[in-house]
Amino acid sequence: MISKPVEPPWNDGSKTLVRDLVSSMERHVPIVMATRGSSFHPPRAKVERTFGPHARGHALPPREALRVLARVAIGEGDLAHFFFQPNPRTSVVAKALSRARRRPTVHTVSSAPRDDLDARRVLFADRTVVLSRHTETRVRDAGVRGVVRIPPAVAPIDVPGDEARAATREGLELPRDAPLIVFPGDLERGEGARHLIESLVTLRDAVLALAYRQKSERSREAERALRARAEALGVASRVRWIGETPHILALLGAADVVALPTRDLGAKVDLPLVLIEAMWQARPVIVASRCAAEELAEDGAALAIEPTLDALVDALRRWLDDASARASIGARARHAAERRHHPRAMAAAYESLYDEVLR
């Protein structure tokens, strides 16, 4: 398993996918990469201390990337399984090393290739695993062969009770009784965060909690602009800038609605794992139509809307005013998570794929 270090904090979709896959495998022995002080010990996996202590960010430093390349070039393993968003540099190196070793390769496209990239140039493996029909259609239409779709999974999460939700709100200094909307996305991508802030002008009792990662100066600039927008609209007192938090699961469970109303998912997993985590907790989820995340709304398990302010306000008003409607769609969301995004099903699909490739 060739990925970022598979260990806490679980704030990166690609390594979270690896964690839940290797923890559910039953027939093959996965070898995962971690740092020298890792506490991750899945039942069947071998954990290699590949990385040094500085490999904990969202992007690997050059020295740590070289450690990964060295491990791919030498060492045990009958099959190389890569997890990364396709990009020309990494794909060329991975392809060259894999051919030199003459062993089968699988590449899970953790996030879709950028729109300006030719998929045939950056997809190199014997089998390319995509996570959504949206990306499957794109890469097949580009002429990529050996494409397999395996939806992502998240380990089951209990539905929080009223006391747990109240405790989370208190711990995060959120109003106990106000309608709570949680946005778990990147501030600099799309208009989702801005539209949610602007929706508070109409939704006068609602509070918005923004859970986001500051990965670049662009994201910091976006935060400054959004803070200014909230002040100008007079809603700043009802916006909570949570940022990156180790309590994200509890925050999702404390929400009345979880909303990611943008088509620009950027480097997120095609079907964002944070939304599946909300679905496991029976939370109503809003996504944008006509993007990969729309697939979460199948069978009424979430709501896909046009990513406009008017459509967002209509959806939020309808749900925030109707507890029974929230409970109904929350129950469908949890059922869909159990049926479509359980780690056992994901692991079984991957192990069948390994069998096919290793024949």
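Please refer to the structure higher up on the page.
The following paragraphs examine the structure supplied in this document. (Residues numbered from 1 in each chain as written. Predicted model: local features only at pLDDT ≥ 70, side-chain atom pairs only at ≥ 80, totals over all residues. Heavy atoms only, no water.)

So, the pattern of salt bridges
When the charged atoms of two side chains with opposite charge come close together, those side chains can pair.
So, point 1. Applying the stated criterion to the full structure yields 27 salt bridges.
So, point 2. A salt bridge links Arg 339 to Asp 299; the shortest N-O distance between them is 3.2 Å. With Arg 339 in helix 12 (residues 323-340) and Asp 299 in the loop between strand 11 (285-288) and strand 12 (303-305), this pair connects stretches of sequence that are 40 residues apart.
So, point 3. What makes Arg 339 partly exposed here is its relative accessible area of 45%.
So, point 4. The salt bridge involving Arg 340 is made with Asp 299; its shortest N-O contact spans 3.4 Å. Placement of the pair is Arg 340 in helix 12 and Asp 299 in the loop between strand 11 and strand 12, with a sequence separation of 41 residues.
So, point 5. Owing to a relative accessible area of 58%, Asp 299 belongs among the exposed residues under this scheme.
So, point 6. Where salt bridges share partners, they join Arg 165, Arg 169, Asp 256 and Arg 326 into one cluster. (Salt bridge = Lys/Arg side-chain N within 4 Å of Asp/Glu carboxyl O. Helix = DSSP H or I, 4+ residues; strand = E, 2+ residues; numbered from the N terminus. Buried < 20%, exposed > 50% of the residue type's maximum accessible area, 1.4 Å probe, protein only.)

Thoughts on the sheet that holds strand 8 (residues 207-211)
So, point 1. A sheet is described by the order of its strands in space; here 6 strands give the open sequence 9-8-7-10-11-12, paired in parallel fashion. Of all strands in the sheet, those bounded by a partner on one side alone are strand 9 (239-241) and strand 12. Put simply, the sheet's adjacent strands are angled 25° from each other on average, direction ignored. (Pairing = 2+ DSSP bridges. Axes fitted to C-alpha atoms, helices over the stretch in contact; angles between N-to-C directions.)

Observations concerning the packing of aromatic side chains
So, point 1. Taken as a whole and judged by the stated rule, the model has 6 aromatic pairs.
So, point 2. Look at Phe 82 and Phe 124: their rings are 5.4 Å apart centre to centre, the planes differ by 80°, and that puts the pair in the edge-to-face class. With a gap of 42 residues between them, Phe 82 in strand 3 (residues 80-84) and Phe 124 in the loop between helix 4 (119-122) and strand 5 (127-130) connect regions that are remote in the sequence.
So, point 3. Given a relative accessible area of 4%, Phe 82 falls into the buried group.
So, point 4. An angle of 85° between the planes, with centres 6.4 Å apart, marks the rings of Tyr 212 and Trp 241 as edge-to-face. Highlighted residues: Tyr 212 in the loop between strand 8 and helix 8 (217-233) and Trp 241 in strand 9, separated in sequence by 29 residues. Considered together, Tyr 212 and Trp 241 belong to a single accessibility category, that of buried residues.
So, point 5. Each residue in the set Phe 82, Phe 84 and Phe 124 is aromatic and connected to the rest through ring pairs, giving one cluster.
So, point 6. Lying over the aromatic face of Trp 10, Arg 19 brings its terminal NZ or CZ to 4.7 Å of the ring centre. (Phe/Tyr/Trp six-rings, centres within 6.5 Å; stacked < 30°, edge-to-face > 60°. Lys NZ or Arg CZ within 6 Å of the ring centre and 35° of its normal.)

Re the sheet that holds strand 3
So, point 1. Spatial ordering of the open sheet is given by 3-4-5-6, a layout of 4 strands whose pairing is parallel. Strands with a single pairing partner mark the edges of an open sheet, and in this sheet they are strand 3 and strand 6 (147-149). Direction aside, the axes of adjacent strands within the sheet are offset by 25° on average.
So, point 2. Where strand 4 (residues 105-109) meets strand 5, 3 bridges bridge the pair, whose relative direction is parallel. Note that in strand 5 the partner of Thr 108 across the bridge is Val 129.

What about the pairing of strand 1 (residues 31-35)?
So, point 1. For strand 1, a buried count of 5 out of 5 residues is recorded, marking the element as mostly surrounded by other parts of the structure.
So, point 2. Residues of strand 1 alternate between two faces, with Ile 31, Met 33 and Thr 35 on one and Val 32 and Ala 34 on the opposite face, all of them buried.

Topic: helix 3 (residues 88-101)
So, point 1. Its 14 residues give helix 3 an end-to-end C-alpha distance of 20 Å, which sits within 8% of 20 Å, the value for a rise of 1.5 Å per residue.
So, point 2. Within helix 3 the residues assigned to the buried category are Ser 91, Ala 94 and Ser 98. Mapping the buried residues of helix 3 onto a view down its axis gives an arc of 70°, with all of them on the same face. Along helix 3, the residues that are exposed and aim more than 90 degrees away from the buried face are Arg 89, Val 92, Arg 99 and Ala 100.
So, point 3. On its buried side, helix 3 packs onto strand 3, strand 4 and helix 4.
So, point 4. Just beyond helix 3, the residue with positive phi is Arg 102, at close to 55°. (Expected span 1.5 Å × (residues − 1). Arc of directions from axis to C-beta. Contact = heavy atoms within 4.5 Å.)

Section: the side chain of Thr 35
So, point 1. You can see Thr 35 is positioned in strand 1.
So, point 2. Within the structure, Thr 35 has its side chain in polar contact with the side chain of Glu 7 (distance 2.8 Å). (Polar contact = N/O pair within 3.5 Å; in protein donor to acceptor, adjacent residues only side chain to side chain.)

Details of the environment of Ile 2
So, point 1. Inspection of the secondary structure puts Ile 2 in the segment before helix 1 (13-22).
So, point 2. Using a relative accessible area of 11% as the deciding quantity, one classes Ile 2 as buried.
So, point 3. In the structure, Ile 2 is positioned 16 residues away from Val 18 in sequence and 9.1 Å away in space, judged by C-alpha atoms.
So, point 4. In this view, Ile 2 contacts Met 33, Val 68, Val 72, Ala 80, His 81, Phe 82 and Phe 83; residues no more than four positions away in its chain are not counted.

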